[in-house]
Amino acid sequence: MRSADSWGMRTADACGVERNMAMKVFVWSRAEIEDGAAEGADAVISVRMQADRGSFETLDAAMAQAVLGDVDAMLVLRCDDIGVPRLGAQRGPTDEQIATVIDFARAIRAVQPDATLAVQCEHGRSLSPALALAVLADELGAGREAEAVQRLLRLDRDGIMAPNPLAVRQADDRLWRYGALDAALAALSPRYSAVREHWGRVAADPAGARAAPRPRGGRSKKRFREIGRDTPDVWE
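Remember, predicted model here, so these are calculated numbers, not experimental data.

Draft legend 1. Representation of the packing of aromatic side chains within the structure. On inspection of all chains with the given rule, the structure shows two aromatic pairs. Pairing phenylalanine 26 with tryptophan 28 gives two aromatic rings, centres 5.0 Å apart and planes at 10 degrees, and the pair type is stacked. Here tryptophan 176 and tyrosine 178 contribute two aromatic rings whose centre-to-centre distance is 6.4 Å and whose plane-to-plane angle is 55 degrees, an arrangement assigned as tilted. The same class applies to tryptophan 176 and to tyrosine 178, which are both exposed.

Printed below as a string of structure tokens:
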């Protein structure tokens, strides 16, 4: 088992007791957030489909309750879960959105280094893992991309995570990692490799590849997933 200080910076409080100062990052689905899974979080990032015009009243209320109504602790993004910038009416994540996520997490860490950050997308398997990976890689620093990927994938016990490849590439660019995040994911996650290949075919031939079956993970289970800890999942 890893020592606690291997996960991040440690500091001593007034009594001389060392405490782990790494940000705790969680990945959840919309249903889990609406069920109250983010209670106690210091900040929440919510990713919603660009084309989804349904009601987000329950989700918004759950987010506000989780952070006690602190509007500066909530970030909402709109984009579709596609691995190319555009596909018909759909719009994928943008470089500006990835930069916003990274800056948001940095601002939270600046105030509270050991803050708890919840990242949510519709199913908790594509966009939110990609954004969580960007946050982890930024906090760990250059050269530790494989560790960031391992920390993400260690929580994927039921085999559903397949980080959005466009968002991963954008995080690579924004963090000046020169493809290291993408390479680490491809080496450690066959599911990510399959999704990346699918979107590569879409980019090369949008009309033909769009009709092909899209790789999917297993059925999502309701669970509590914490990224950055060496503890098992807690199932609710």
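Okay, back to it.
Draft legend 2. View of the packing of helix H7 (residues 180-188) against helix H8 (residues 190-204). Packing of H7 against H8 brings their axes to within 5 Å, and their N-to-C directions diverge by 115 degrees. In terms of crossing hand, the pair formed by H7 and H8 is left-handed. Counting all contacts with H7, which are made through Asp182, Leu185, Ala186 and Leu188, the residues of H8 involved are Pro190, Tyr192, Ser193 and Arg196. In the contact of H7 with H8, the residues fall into five nonpolar, one polar and two charged.

Parameters and conventions
- Residues numbered from 1 in each chain as written.
- Predicted model: local features only at pLDDT ≥ 70, side-chain atom pairs only at ≥ 80, totals over all residues.
- Heavy atoms only, no water.
- Phe/Tyr/Trp six-rings, centres within 6.5 Å; stacked < 30°, edge-to-face > 60°.
- Buried < 20%, exposed > 50% of the residue type's maximum accessible area, 1.4 Å probe, protein only.
- Axes fitted to C-alpha atoms, helices over the stretch in contact; angles between N-to-C directions.
- Helix = DSSP H or I, 4+ residues; strand = E, 2+ residues; numbered from the N terminus.
- Left-handed = near helix turned anticlockwise from the far one by under 90°.
- Contact = heavy atoms within 4.5 Å.
- Nonpolar A, V, L, I, M, F, W, Y, C, P; charged D, E, K, R; others polar.

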